Amino acid sequence: MGPRVPRAALRTLARARPLPRAFYARGPRALARALLGRVLVHDDPGVGRLAGVIVETEAYGGADDPASHAHRGVTARNRVMFGPPGVAYVYFTYGMHHCFNVVCGPEGRAAAVLVRALEPVEGLDLMRRRRGGAAPGELTSGPGKLCIALGIDRRLDAADLLGDRIWLEAGRRIAPSAIAAGPRVGIDYAEEWVGRPWRFWLRGNPFVSRTRPAVVRRAGAARSGRAPT
DNA sequence: GTCAAGATTAGT
DNA sequence: CTAATCTTGACG
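Quick summary incoming for the structure in this document.

## Observations concerning the pattern of salt bridges
- The tally for this structure, following the rule as stated, stands at 12 salt bridges.
- Note that Arg116 is salt-bridged to Glu56, the shortest N-O span being 2.9 Å. Of this pair, Arg116 sits in strand β5 (residues 112–122) while Glu56 sits in strand β2 (residues 48–60), and the two are 60 residues apart along the sequence. Note on accessibility: Arg116 and Glu56 belong to one class, buried.
- Two residues, Glu58 and Arg116, come together in a salt bridge whose shortest N-O distance is 3.8 Å. One end of the pair, Glu58, is in strand β2; the other, Arg116, is in strand β5, and 58 residues separate them in sequence.
- Look at Glu58 and you get buried, because its relative accessible area is 0%.

## Some words on the pairing of strand β1 (residues 39–44)
- Of all 6 residues in β1, 5 are buried; the element is thus mostly enclosed.
- Inspection of the sheet shows β1 paired to β2 by 6 bridges, in the antiparallel sense. Of the residues in β2, the one forming a bridge with Leu40 is Gly52.
- Taking the residues that link successive antiparallel strands as the turn, the β1-β2 hairpin has 3 residues, and the phi of Gly46 there is positive, at about 75°.
- Pairing of β1 with strand β6 (residues 166–169) involves 4 bridges; the strand directions are antiparallel. Its bridge partner lying in β6, Val39 is registered against Glu169.

## What to know about the protein's contact with DNA strand C
- Every residue close to DNA strand C is listed here: Arg72, Thr75, Ala76, Arg77, Phe92, Tyr94, Gly95, Met96 and Arg154.
- When atoms of DNA strand C within 4 Å of the protein are sorted by moiety, sugar and phosphate together comprise 72%.
- In the model, a phosphate oxygen of DNA strand C is placed 2.4 Å from a nitrogen or oxygen of the Thr75 side chain.
- Separating a base oxygen of DNA strand C from a backbone N or O atom of Tyr94 is a distance of 2.3 Å.
- Taken together, the residues that form the surface near DNA strand C break down as 4 nonpolar, 2 polar and 3 charged.

Definitions and cut-offs
- Residues numbered from 1 in each chain as written.
- Chains lettered and ligands numbered in written order.
- Predicted model: local features only at pLDDT ≥ 70, side-chain atom pairs only at ≥ 80, totals over all residues.
- Heavy atoms only, no water.
- Salt bridge = Lys/Arg side-chain N within 4 Å of Asp/Glu carboxyl O.
- Helix = DSSP H or I, 4+ residues; strand = E, 2+ residues; numbered from the N terminus.
- Buried < 20%, exposed > 50% of the residue type's maximum accessible area, 1.4 Å probe, protein only.
- Pairing = 2+ DSSP bridges.
- Near = heavy atom within 4 Å.
- Polar contact = N/O pair within 3.5 Å; in protein donor to acceptor, adjacent residues only side chain to side chain.
- Nonpolar A, V, L, I, M, F, W, Y, C, P; charged D, E, K, R; others polar.

Here it is, written out as structure tokens:
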């Protein structure tokens, strides 16, 4: 017989455990929604736990998605997008920023979810130092910012999210009605894909990235509310 | 080898 | 609005 553990404590333990592989075995849009409210934890070597609640995500597909790195097949950079789900895809861009993604879907089928913003919950002091003394609301309110704050870089590319370096925990339960959707940021090309609401966030959450609204360049591509899937 | 563009951010 | 900063991947 093991030690008796109160039910509430069991729930806490369950919450503090990495989400199982099966959690990631679905398409990118479903996962992008499911990731909202989950806690991203980085056990930064020699530093400790840095964590935040995911409040904004974007879904990326494979060959058919012109905005995806996987659009033109496997390359050295995007290879993990084609691998098994539950793995980190971290890439470097604009010569200075990293972006953290969660690989999902069945193995062999490229798909991933970009984590665009967090609500910081653990390691705020260090995050603030790394972010140049930024205000709490600015620490992790963008894909590049959150990587700086949590110390995420390419060393974590291909890291297993069921390992001991970086993982996700269950966190909060989110009601579907609390989720808002809109066009992906920085995707102002590929006309017929621009309006697709593959960006998700917690409605009204102050830690969501401030983005200029995705501008639809060509008339006729503009859509509001529901768009083709 | 060469080169344009980038799933961004901070500052003017 | 634009500079910063350098990797990636397409093309020759």
